[in-house]
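Report on the structure
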Number of protein chains: 2
Amino acid sequence: ITGAEGGAPDAPLVLVGAHPAARLRGDPRVRWFHSVNAGVDALLDGGWPAGVLLTRTVGRMGERIGQYALAWVLADCQGVPGHLARTAAPPGAANPPNWPRGQTALVYGTGHIGTAVASRLGAAGLHTVGVGRAEHAPGGPFDERITAGEDGPWLGRARFVVDALPLTDATRDFFADARLSALRGATFLNVGRGATVSLPALGRALAAGHVRGAVLDVLTDEPPAPGHPVWELPRTTLTSHSAGITAGTDITADFRACWEALRAGQAPELAVRVGRGY
Amino acid sequence: ITGAEGGAPDAPLVLVGAHPAARLRGDPRVRWFHSVNAGVDALLDGGWPAGVLLTRTVGRMGERIGQYALAWVLADCQGVPGHLARTAAPPGAANPPNWPRGQTALVYGTGHIGTAVASRLGAAGLHTVGVGRAEHAPGGPFDERITAGEDGPWLGRARFVVDALPLTDATRDFFADARLSALRGATFLNVGRGATVSLPALGRALAAGHVRGAVLDVLTDEPPAPGHPVWELPRTTLTSHSAGITAGTDITADFRACWEALRAGQAPELAVRVGRGY
């Protein structure tokens, strides 16, 4: 935590960090907390003090998570795991790729991250359907925009499902049996929050073939312990919450943007709407 | 081979296929051969009859090879092989990605394929340097354009080298000890022709660490036999000449374009310049 400590006893405090220090929780001098992370669910858990501005770091996370998603989508379409395995155990038969053009990707979350993911998938020829709140402007890189209540007809057609949801009361266990069992062979990627997916339901969907394979960058328990059931999920690859790592320059750039907006008397674009949860 | 056979004994013949039938080689009725492949080195080997038009199929190969290259570049940057291996043998340490933005990719070949490859790599943030004949127009998606004689200073800076060269007398064993030993940890991808790379030299460059890893879609002997030395190359993945597979609709579309150009009295864009070799 970098604060403005050491000033007058009643001077306003601006804090930057992952969590406010426990002793400063509820301190009336704290006026603004800038989170070095994009996800703020852990900060909001248990309530956020009224009147304290909360801003967050997004940085180039959208670009990076978009490339992560594209890497795994293309790895899937190009059969990268199969080629790696065949090279380890030669010789192999020809393994033609399965081109992404025209295949449907459902992208859940239509904010910074979902938009950047769709932009990269769209450039590779996928048909992108953004699933998000109606208030998010239509258009952007999405070929279609729907709300979460409208995804039913799309689930059976999706070749890829990208979870870029924030964690809120509305999104906890969002991907449970109802949605996952409606899939027909989609590859599932989670770049959002671990708790938006029910791992037991994902296991059932993988076993039944509703989910063809999974790539999980986030889990509720990170890193998972050696005996954790997630290691037993078939056709599942775990990455290490590394899809959208925040660099130090991202934090300073986003903090500076917030600072300059406030000096100009404007609400920072990266201000968290606490009531909404992100 | 689909010909206009069955017409008058001296009627001109238009043939479509991979190779002209041996009995039609040198037949003066043959006026035009449309190759269902993009690479025509095997057709030109031993000479091409004067006055016979040779056209070729390119189709959407550029787009597809571009996605193949992007898939392996992003797989490399995102550590896909490492994540797959770690998931197979849990648990794993965090493995942050190595973002492509600003890294240099040398793309050898600045025609259809090299251009499409650079376009996709550029969209992922790589700095692309096209290496090709001076007659190819500058610009396009390349950040820089050089000729093959000018690549020396770039070899030590390249993070990726993509070989999209046709096979001609000038490109046989183009990647031999001189070029490969000048690399400083580049990942090498071959989507062009197998014989443009000396496999013994590649093996030495891999052993010395000049080449960090290799992805080879093409080889002189395809598929390689189980005892072939290519299987022993370290950190090398073989794919099955599948980067730019030609679909049936590509052949008909490209043949139609040639046909229509000829009817309009124009030289087809896909006509091979036999003296040049592609």
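Since this is a predicted model, take the numbers as computed values, not measurements. (Residues numbered from 1 in each chain as written. Chains lettered and ligands numbered in written order. Predicted model: local features only at pLDDT ≥ 70, side-chain atom pairs only at ≥ 80, totals over all residues. Heavy atoms only, no water.)

The helix and strand tally for chain A stands at 8 helices and 10 strands. The C-alpha atoms of chain A give 21 Å as radius of gyration, which agrees with the globular expectation for 278 residues (19 Å, within 12%). Counting only C-alpha atoms, chain A reaches 75 × 45 × 35 Å along its principal axes. A buried classification covers 51% of the 278 residues belonging to chain A. Looking at chain A as shown, the accessible area adds up to about 12,000 Å², and 55% of this sits on carbon and sulfur atoms. For chain A, the distance from the average site of its 25 positive side-chain charges to the average site of its 24 negative ones is 3 Å. (Helix = DSSP H or I, 4+ residues; strand = E, 2+ residues; numbered from the N terminus. Rg over C-alpha atoms; globule rule 2.2 N^0.38 Å. Buried < 20%, exposed > 50% of the residue type's maximum accessible area, 1.4 Å probe, protein only. Areas by Shrake-Rupley, 256 points an atom, 1.4 Å probe, with all protein chains shown as cover. Lys, Arg positive; Asp, Glu negative; His and termini not counted. Charge placed at Lys NZ, Arg CZ, Asp CG, Glu CD.)

A few words now on the UniProt feature "active site" in chain A. Residues and elements named next belong to chain A. Following the UniProt record, the feature "active site" maps to Arg193, Glu222 and His241 here. These annotated residues cover 49 residues of sequence, but their C-alpha atoms sit close together, with the largest distance between any two at 11.1 Å. Residues that both appear in the annotated list above and line the second largest pocket are Arg193 and His241. Checked against the element boundaries, Arg193 lands in the loop between strand E8 (186-190) and helix H7 (199-208). Leave out the neighbours within four places in its chain, and Arg193 touches Gly39, Val40, Asp41, Asp163, Leu165, Pro166, Leu167, Val218 and His241. A distance of 3.4 Å separates a polar side-chain atom of Arg193 from the backbone oxygen of Gly39. For Glu222, the position within the fold is in the loop between strand E9 (211-216) and strand E10 (236-238). Among the residues examined, Glu222 registers a relative accessible area of 39% and is labelled partly exposed. Look past the residues within four positions of Glu222 in its chain and what remains in contact with it is Asp217 and His241. (UniProt positions renumbered as here; feature names shortened; annotations may be inferred. 1 Å grid on protein atoms, 1.4 Å probe; cavity = no way out; pocket = protein on both sides within 12 Å on 5 of 7 lines; lining within 4 Å. Contact = heavy atoms within 4.5 Å. Polar contact = N/O pair within 3.5 Å; in protein donor to acceptor, adjacent residues only side chain to side chain.)

Within the structure shown, the criterion is met by 18 aromatic pairs over all chains. For the pair Trp32 of chain B and Phe255 of chain B, a centre-to-centre distance of 5.0 Å together with 15° between the ring planes defines the contact as stacked. Here Phe255 of chain B lies in helix H8 (residues 248-263) and Trp32 of chain B lies in strand E2 (residues 30-35), a separation of 223 residues in the sequence. Within the aromatic cluster, the residues linked to one another by ring pairs are Tyr108, Phe174, Phe175 and Phe188 of chain A. Cation over ring: Arg179 of chain A sits above Phe174 of chain A, and NZ or CZ is 3.7 Å from the ring centre. (Phe/Tyr/Trp six-rings, centres within 6.5 Å; stacked < 30°, edge-to-face > 60°. Lys NZ or Arg CZ within 6 Å of the ring centre and 35° of its normal.)

A few words on the interface of chain A and chain B. Each side of the interface is counted separately: chain A has 38 residues, and chain B has 39 residues. Here chain A and chain B share an interface that buries about 3,500 Å² over both sides, 67% of which is from carbon and sulfur atoms. When the area that chain A buries against chain B is broken down by residue, the three leading residues are Gln67, Trp99 and Trp231 of chain A, summing to 17%. Counting across the chain A and chain B interface gives 2 salt bridges. Between Arg101 of chain A and Glu63 of chain B there is a salt bridge, and its shortest N-O distance comes to 2.9 Å. (Buried area = accessible area lost by both parts, 1.4 Å probe. Salt bridge = Lys/Arg side-chain N within 4 Å of Asp/Glu carboxyl O.)

Turning next to the sheet that holds strand E7 (residues 160-163) of chain B. Sheets are built from strands paired through backbone hydrogen bonds, the pairs being either parallel or antiparallel. Residues and elements named next belong to chain B. Strand order in the open sheet made by the 7 strands is E6-E5-E4-E7-E8-E9-E10, with parallel pairing throughout. The open sheet has two edge strands with one neighbour each: strand E6 (144-146) and strand E10 (236-238). Strand-to-strand twist across the sheet, computed as the mean angle between neighbouring axes with direction ignored, equals 15°. Inspection of the sheet shows strand E9 (residues 211-216) paired to E10 by 3 bridges, in the parallel sense. The residue of E10 that forms the bridge with Val215 is Thr237. (Pairing = 2+ DSSP bridges. Axes fitted to C-alpha atoms, helices over the stretch in contact; angles between N-to-C directions.)

A side chain of one charge can pair with a side chain of the opposite charge if their charged atoms are brought near each other. Applying the stated criterion across every chain, the model contains 16 salt bridges over all chains. When the shortest N-O distance is used, the salt bridge between Asp27 of chain A and Arg29 of chain A registers 2.9 Å. For Asp27 of chain A, a relative accessible area of 16% puts it in the buried group. Exposure remark for Arg29 of chain A: the relative accessible area of 26% places this residue in the partly exposed category. Ionic contacts of the salt-bridge type, sharing partners, join the residues Arg60 and Glu63 of chain A together with Arg101 of chain B into one network.

Our focus in this paragraph is the relation of the copies chain A and chain B. With an RMSD of 0.0 Å, the operation that places chain A on chain B is a rotation of 180° combined with a shift of 0.0 Å along the axis. Here the two chains are linked by the operation of a two-fold rotation axis. No C-alpha of chain A lies nearer the rotation axis than that of Ala71 of chain A, which sits 2.9 Å from it. Residue by residue, 100% of the interface of chain A is reproduced at the interface of chain B, so both copies engage with the same surface. (Least-squares fit on C-alpha atoms with pLDDT ≥ 70 in both.)

On to helix H3 (residues 80-88) of chain B, then. Taken residue by residue, H3 of chain B has Val80, His83, Leu84 and Thr87 of chain B as its buried positions. The buried residues of H3 of chain B occupy an angular sector of 100° when the element is viewed end-on, so they sit on one face. Buried residues in H3 of chain B make contact with helix H2 (61-77), helix H3 (80-88) and E10 of chain A together with helix H2 (61-77) of chain B. (Arc of directions from axis to C-beta.)

The next subject is the nonpolar core. Counting residues in each nonpolar core, the largest one holds 60 residues, and the members touching the most others are Val117 and Leu121 of chain A together with Val117 and Leu121 of chain B. Leu121 of chain A has contacts with Ala69, Leu70, Val73, Ala105, Val107, Leu126, Thr128 and Val162 of chain A, leaving out every residue within four places of it along the chain. (Core = buried A, V, L, I, M, F, W, Y, C linked by side-chain atoms within 4.5 Å.)

Take the domain arrangement of chain A next. All names here are of chain A. By the assigned domains, chain A splits into domain 1 (13-59 + 246-263) and domain 2 (61-238). If you average the C-alpha positions of domain 1 and of domain 2, the two centres end up 30 Å apart. Between domain 1 and domain 2, the contact holds 10 residues from the first and 5 residues from the second. Counting the surface lost from both domain 1 and domain 2, the interface buries some 610 Å², and carbon and sulfur atoms represent 45% of this. The partner of Asp41 in a salt bridge is Arg193, and the shortest N-O contact between them spans 2.6 Å. At the boundary of domain 1 with domain 2, the tally comes to 5 residue pairs in polar contact (both at pLDDT 80 or more). Class assignment of the residues belonging to the side of domain 1 that touches domain 2 gives a composition of 4 nonpolar, 3 polar and 3 charged. (Domains from an automatic or database assignment. Nonpolar A, V, L, I, M, F, W, Y, C, P; charged D, E, K, R; others polar.)

Before going further, it helps to examine the state of the cysteines. Across all of its chains, the model carries 0 disulfides over all chains by this definition. Summary of cysteine pairing: Cys77 of chain A is not part of a disulfide, and the nearest cysteine sulfur, belonging to Cys77 of chain B, is at 18 Å. Overall, the relative accessible area of 3% leaves Cys77 of chain A in the buried class. (Disulfide = S-S within 2.5 Å.)

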